[in-house]
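# Descriptive analysis of the structure
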Amino acid sequence: QVQFAESGGGLVQPGGSLRLSCAASGLDVRTEVMGWYRQAPGKQRELVAYIMPLGATSYSDSVKGRFTISRDNAENTVSLQMNSLKHEDTAVYYCNSGSPYNIAAKAYWGQGTQVTVSS
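Structural notes, computed from the coordinates.

Basis of the calculations
- Residues numbered from 1 in each chain as written.
- Predicted model: local features only at pLDDT ≥ 70, side-chain atom pairs only at ≥ 80, totals over all residues.
- Heavy atoms only, no water.
- Core = buried A, V, L, I, M, F, W, Y, C linked by side-chain atoms within 4.5 Å.
- Buried < 20%, exposed > 50% of the residue type's maximum accessible area, 1.4 Å probe, protein only.
- Helix = DSSP H or I, 4+ residues; strand = E, 2+ residues; numbered from the N terminus.
- Contact = heavy atoms within 4.5 Å.
- Disulfide = S-S within 2.5 Å.
- Salt bridge = Lys/Arg side-chain N within 4 Å of Asp/Glu carboxyl O.
- Phe/Tyr/Trp six-rings, centres within 6.5 Å; stacked < 30°, edge-to-face > 60°.
- Pairing = 2+ DSSP bridges.
- Axes fitted to C-alpha atoms, helices over the stretch in contact; angles between N-to-C directions.

## Comments concerning the nonpolar core
Judged by nonpolar contacts, the single largest core of 27 residues is most densely connected at Trp 36, Leu 80, Met 82 and Tyr 93. Within the residue set of this core, elements represented by two or more residues are β3 (18–25), β4 (34–39), β5 (46–51), β7 (67–72), β8 (77–82), β9 (91–97) and β10 (113–117). A total of four residues in this core trace back to one element, the largest contributor, which is β3. Other than its neighbours up to four places away in sequence, Leu 80 contacts Leu 18, Arg 19, Leu 20, Trp 36, Val 48, Ala 49, Phe 67, Thr 68, Ile 69 and Tyr 93.

Next comes the structure, spelled out in structure tokens:
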């Protein structure tokens, strides 16, 4: 069974940084499109970034230039380095696999990790 375990969230001041990690089981992150998503209170879950099996990456306009997605094949994990954090980055962050834009069709979600940007 596919499972995702996200970690690394917390409370950070605007302008600060956090590094999120996602441990995947039941799949090989090397062969999957892996994505990070977030859901803010009262809003729909949205795609933040994804990484292709050959390493190409893509970011939403709201995080481009501030966030970096990467993959550790040996650990079977995917990370999201978040810099220059803003209040509007506050959300629960999740990782998942497969088609990055087909959010509603994804069957498995982890518990997510809360990121709160506040002074």
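## Some words on the state of the cysteines
Counted by the stated rule, this structure contains one disulfide. Paired through a disulfide, Cys 22 and Cys 95 show a sulfur-sulfur distance of 1.8 Å. Residues Cys 22 and Cys 95 are joined through a disulfide that is right-handed, its torsion about the S-S bond being 45°. With a gap of 73 residues between them, Cys 22 in strand β3 and Cys 95 in strand β9 connect regions that are remote in the sequence.

## Things to note about the pattern of salt bridges
All told, the structure shown has five salt bridges when counted by the stated rule. Between Asp 89 and Arg 38 there is a salt bridge; the shortest N-O distance is 2.9 Å. Of this pair, Asp 89 sits in the loop between β8 and β9 while Arg 38 sits in strand β4; the two residues are 51 residues apart in sequence, bridging distant segments of the chain. For Lys 64, the salt bridge is made with Asp 61, and the minimal N-O distance between the two is 3.2 Å. Here the residues in one salt-bridge network are Arg 38, Glu 46, Arg 66 and Asp 89, joined through shared partners.

## What to know about the packing of aromatic side chains
As enumerated under the stated definition, the model contains three aromatic pairs in all. Relative to Tyr 101, the ring of Tyr 50 lies with its centre 5.9 Å away and its plane at 80°, an arrangement referred to as edge-to-face. Here Tyr 50 is found in strand β5, whereas its partner Tyr 101 is found in the loop between β9 and β10, with 51 residues between them in sequence. On the basis of relative accessible area, Tyr 50 is assigned to the buried category, the value being 14%.

## Overview of the sheet that holds β5
An order of β2-β10-β9-β4-β5-β6 is seen for the six strands of this open sheet, with the pairing classed as mixed. Of all the strands in the sheet, just β2 (10–12) and β6 (57–59) have a single pairing partner and so form its edges. For this sheet, the mean inter-axis angle between neighbouring strands, taken without regard to orientation, is 25°.

## Focus on the sheet that holds β8
Ordered in space as β1-β3-β8-β7, the four strands form an open sheet in which the pairing is antiparallel. Two strands close off the open sheet at either side, each with one partner strand: β1 (3–7) and β7. Taken over all neighbouring pairs, the strand axes of this sheet differ in orientation by 20° on average, direction set aside. The pairing of β3 with β8 spans six bridges and is antiparallel. Residue Leu 20 lies in a different strand from β8, and its bridge partner there is Leu 80.

These values are about where atoms sit, not about what they do.
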